[in-house]
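Per-entry structural report
As a plain string of letters, each chain reads:
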Amino acid sequence: MSEGVDGQGQGQGQGQTPAPRNRRIHRAGNLHRRGSGEDTEGPEEVERTPEPGAEHGDSEEQEGEREQASHAAAPGADAGQVAGLAGQSQPSAPDGGWGWIVLVATILVLALTLAFPSCIGIFYTDLQTEFNTSNTETSWVPAIMVAVLHAGGPLCSVLVERFGCRATVMVGGVLSGLGMAVSALARTINELYITAVITGLGFCLSFQPSVTMMGHYFVRRRAFANALSSTGTALGLSTLPLISNFLLNEFGWRGSFLVLGGVLLNCCVCGAVMRPVGPGSGPSRPKTPQGPSKPNSLRAQQEREGLKKRLSTVLFGFVAFLRRHMAFDLLVSNARYRAYTFGVTWMMLGFVVPLVYLVPYATDHGMEQDRAALLMSILGLVNIAVRPVAALLFGLPRFRGTGYFVYMFAAAVLVNGLSNAICGAAASFRVLLLYVVIFGVSMSVIGSLLFTVLMETVEMNRFPSALGLISMLESGTLLIGPPLAGMLVDSTGQYSYVFYACSVSVSSSGLFIMGYFYYLDNRRDGEKGEKTKKPSGFYQKPAMILVPECEHSHVSLQERKANDAVNVTNV
């Protein structure tokens, strides 16, 4: 017997009832010792019988009980075992430190992925001339690239869960660089479609895990980090068009694609610094409700089961897969997530189209290629100037937990849609410059709040699957948006109708998000008001009035409702 146990037995023999070591343990449950102090055999026989209602205690008290019980069960446990038990809990987000390195890497990833399809407009005319295609056929190239970027969300979610964010980002960098380099060897427009799929898939595998990693590294400063990371898109919009225009003049579109493929390999470097902060961002194995895995017995059991049982198992696994990676259950149960998903999906029908058709629209009205590319660079510079300011503004404590982010997001979407009408009105450099400034400011706010609103709408552990579902639904509208615009140009011969159509699509989505969330907030406030007005069971009990003769009389609920005031005299 150890010395700690002997001392404990002596203490019990003297005082008959041992004093509790911790008041929190004593309050949650009673510790019963078997036998007297001399018969105590050790801490292994300590039993804990919780009192009624003890399970309703706070989590801190339960954690304290477990810690105290572990110390009592193993008085000689070394520090390594204790540290191993403590390391099982998920670490909190650092909100700084190495997170700033991850933030810089995310900025570069967004610059190389989200902003890259917009620079395809620089090569738009050359691709038409090379392959002798129409506007509709040529517009499929950036449309496929953007659509696959968003449609690969479920696949990206699976890879993140299996291999972690770091490995997934690096694989995406390899795919995007390879797809862009192979595009330089394309001989037909159909081959360019295939390489666009490879490049877009690489963009998806690099972009979505980077955003997910940001959510794990920042909690208190999440709005600030998301807004600041969105400056990567602005950085790409301001630099990639100028770089693409320079490469086009020097090497042609094929040489430009080859060089840009090498530039995209830098996503691998950015992914290498994204080390996991906890179990949520590293590789993990999905938990199954079947308990510990037993391959041999499970295989034998499956052989004995019939076809019906196997089909039910497969169906259950498929439903669990959809819930884990595509968040269809949130689409049904969470009204706010459903409204946000539909609004953002409809917005994407016309949100990216102006970035593709701005340069062809300007050159079609006699503007030089260099000045048209300068408009895209100005758009990126506006984003660079506005997004850090938005990051500082949205990171203030007064905006945390207020629920105003979604309304600011919807207002920015509305302004962005209305600004497209300015571009369709005239094609002079001054008018387009005004359009670029307004479009850039509203785009900055949208990019700063797009993921912040989603993180406030769903729990963080469901964010990858929620983002994957939104991205998959967005891919449909992003895929058909540029080709529909190309069909409109081919049928009318005017680019201005494209911007008018985009104005209607984007502004209507902003009105929908604003109106629906306002309705949901009013309904929630009304339900809270009804709960506060409803009397509790304590006040529904019969009241007792003390009369001068000190006689007791019970008053029914009907009489109490009639008499709002109850007087108590001679107490």
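What you are looking at is a predicted structure, and each value in this text was computed from that prediction instead of being measured. (Residues numbered from 1 in each chain as written. Predicted model: local features only at pLDDT ≥ 70, side-chain atom pairs only at ≥ 80, totals over all residues. Heavy atoms only, no water.)

Remarks on unusual backbone geometry
Even without being a glycine, Asn132 presents a positive backbone phi close to 55°. Considering the arrangement of structural elements, one finds Asn132 in the loop between α6 (124-131) and α7 (135-151). (Helix = DSSP H or I, 4+ residues; strand = E, 2+ residues; numbered from the N terminus.)

Some remarks on helix α18 (residues 353-364)
Since the α-helix turns once every 3.6 residues, residues separated by three or four places project in the same direction. Look at α18: 16 Å from first C-alpha to last across 12 residues, which is about the 16 Å you get at 1.5 Å a residue. For α18, a buried count of 10 out of 12 residues is recorded, marking the element as mostly surrounded by other parts of the structure. For α18, the complete set of buried residues consists of Val353, Pro354, Leu355, Val356, Tyr357, Leu358, Val359, Pro360, Tyr361 and Ala362. Once α18 finishes, Gly366 follows within two positions and takes phi at roughly 90°, a positive value. (Expected span 1.5 Å × (residues − 1). Buried < 20%, exposed > 50% of the residue type's maximum accessible area, 1.4 Å probe, protein only.)

Topic: the environment of His150
Mapping His150 onto the fold places it in helix α7. With relative accessibility at 10%, the residue His150 sits in the buried group. Other than its neighbours up to four places away in sequence, His150 contacts Gln208, Ser471, Met472, Glu474, Ser475 and Leu478. Only 3.4 Å separates the side chain of His150 from the side chain of Glu474, close enough to count as a polar contact. (Contact = heavy atoms within 4.5 Å. Polar contact = N/O pair within 3.5 Å; in protein donor to acceptor, adjacent residues only side chain to side chain.)

Points about a nonpolar patch on the surface
Taken together, the side chains of Val104, Leu108 and Leu235 present a nonpolar region at the surface, about 220 Å² in accessible area. The topology assignment puts Leu235 in helix α12 (residues 231-264). (Patch = residues over 30% accessible without salt bridge, like charges linked within 9 Å, V, L, I, M, F, W, Y side chains within 5 Å. Areas by Shrake-Rupley, 256 points an atom, 1.4 Å probe, with all protein chains shown as cover. Salt bridge = Lys/Arg side-chain N within 4 Å of Asp/Glu carboxyl O.)

Some thoughts on the side chain of Ser377
Mapped onto the fold, Ser377 is located in helix α19 (residues 369-394). The class of Ser377 is buried, set by a relative accessible area of 2%. Excluding residues within four positions of it along the chain, Ser377 makes contact with Leu237, Ser238, Pro241 and Leu242.

Here's the deal with the packing of aromatic side chains
In this structure the tally under the stated criterion is 16 aromatic pairs. Arranged with centres 5.7 Å apart and planes meeting at 65°, the rings of Phe131 and Trp253 form a pair that is edge-to-face. Placement of Phe131 in helix α6 and of Trp253 in helix α12 is noted, with a sequence separation of 122 residues between them. A single burial state applies to Phe131 and to Trp253, both of which are buried. Ring centres 6.1 Å apart and planes at 50° place the aromatic pair Tyr357 and Tyr495 in the tilted group. Here Tyr357, found in helix α18, pairs with Tyr495, found in the loop between α22 (463-492) and α23 (496-533); they are 138 residues apart in sequence, far enough to count as distant. On the basis of relative accessible area, Tyr357 is assigned to the buried category, the value being 0%. The residue whose ring lies beneath Arg275 is Trp98, and the NZ or CZ to ring-centre distance is 4.2 Å. Arg371 extends its terminal NZ or CZ atom over the ring of Phe429, reaching a point 4.1 Å from the ring centre. (Phe/Tyr/Trp six-rings, centres within 6.5 Å; stacked < 30°, edge-to-face > 60°. Lys NZ or Arg CZ within 6 Å of the ring centre and 35° of its normal.)

Function-wise, these values are silent; they only describe arrangement.
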